[in-house]
Amino acid sequence: DGVNFAIFDEHSSPALPSGDIRCLLAAKDGSLWIGTSDGLARMKDGAVTAFTTANGLPENSIRGLGELKNGAVTAYTSAGPAEIRGNRAEPVDIQTEYGPGAIPDVQVRAWLPDGHAAQANATTVALLKSRAVEQRWAVGHELPGSRVQTIFADHEGALWIGTNGGLVRYAEGMLEKLPITDPLASASVLAILEDREGNLWVGTESNGLQILRDQRFETLTTR
């Protein structure tokens, strides 16, 4: 309410499947979807509905959440994605849903303004156009670290990739790493959010919350 905090975990009322929160999604219908390490929860009108393998999830560890244009919610588990239909979760066949170029065990997706779709599992990020792979990057090779943890597409069309070993940006056909002097060049990046001003908020595992701002100035003189 802007003044007091209410804690929701496995001991609260209503209770969540786990207090280890991995991801959140504010859906168009006003519900809040909460992905945890031990199941998925939907909070709406003060009530919590839990989804686990008993409801059809491939696995209880939720890595990411997404909402389609038709309002359907997709949960990306450590064993692959599932679409929530009513009070059931239906596993998604990767090849049928995302095309033959899809990578296995997709755990998170992002959509770029130019029509590209990005998919990621724990070790690989793929950039697809019309269901065909145009770019593919792997940790330990093109990407730093050993695990992909999040991806995010900003309003300018850049794709940001957060790994356990740093933050990388793909823009205008180039994959760019931050200078080694930047704290985010080697930080374990867990979450990325863009605000209304175009600033990027980057949540890390042990380096706190970082803000990326465009601080370039152009001087206009009488000439």
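Scroll up to find the structure this text is about.
Counting starts from 1 at the beginning of each chain's written sequence and moves along it residue by residue. Totals for whole chains, interfaces and linings use every residue, but because this is a predicted model, local features are given only for residues with pLDDT of at least 70 and side-chain atom pairs only at 80 or more, for both listing and counting. Only hydrogens and water are removed before side-chain values are computed, so all heavy atoms of the structure are retained for them.

Secondary structure elements are defined from DSSP: runs of H or I of at least 4 residues count as helices, runs of E of at least 2 residues count as strands, and each element is numbered from the N terminus. Regarding its fold elements, the protein chain presents one helix and 19 strands. It is over C-alpha atoms that the radius of gyration is taken, and the globule rule equals 2.2 Å times the number of residues to the power 0.38. Scaling as 2.2 N^0.38, a compact globule of 223 residues should have a C-alpha radius of gyration of about 17 Å, and the protein chain matches this with 19 Å. For the protein chain, the spread of C-alpha atoms along the principal axes amounts to about 65 × 50 × 35 Å. Remark: exposure states derive from per-residue accessible area (1.4 Å probe, protein chains only) relative to the maximum for the residue type, with buried under 20%, exposed over 50%, and partly exposed in between. For the protein chain, buried positions account for 43% of its 223 residues.

Before going further, it helps to spend a moment on unusual backbone geometry. Outside of glycine, negative phi angles account for most residues, and trans bonds account for most peptide bonds. With an omega dihedral of 5 degrees, the bond running from Ser13 to Pro14 counts as a cis peptide bond. Tracing the sequence through the fold places Pro14 in the segment before strand 1 (21-26). Of note, the phi angle at Glu172 is positive, near 50 degrees, even though the residue is not glycine. Structurally, Glu172 can be placed in the loop between strand 15 (166-171) and strand 16 (174-177). Look at Glu172 and you get exposed, because its relative accessible area is 85%.

By this definition, two strands are paired if DSSP reports at least two bridges between them. What the three strands build is an open sheet, ordered 17-18-19; its pairing is antiparallel. Across the chains shown, the open sheet's two edge strands, defined by having one partner strand only, are strand 17 (189-194) and strand 19 (209-212). Each strand axis lies, on average, 20 degrees off the axis of its neighbour in the sheet, ignoring direction. Both strand 18 (residues 200-204) and strand 19 contribute to a ladder of four bridges, which runs antiparallel. When the bridges of strand 19 are listed, Val202 appears paired with Gln210. For every element, the axis is a line fit to its C-alpha atoms; helices are fit only across the contacting stretch, and the angle between N-to-C directions ranges from 0 to 180 degrees.

Here we take up the sheet that holds strand 9 (residues 108-111). Within the open sheet, the four strands sit side by side as 9-10-11-12. Their pairing is antiparallel. Whereas interior strands pair on both sides, the edge strands pair on one side only; in this sheet they are strand 9 and strand 12 (132-138). The mean inter-strand angle of the sheet, taken between neighbouring strand axes irrespective of direction, is 20 degrees. Taken together, the four bridges between strand 9 and strand 10 (residues 117-120) define a ladder with antiparallel strand orientation. Directly across from Ala110, in strand 10, lies its bridge partner Ala118.

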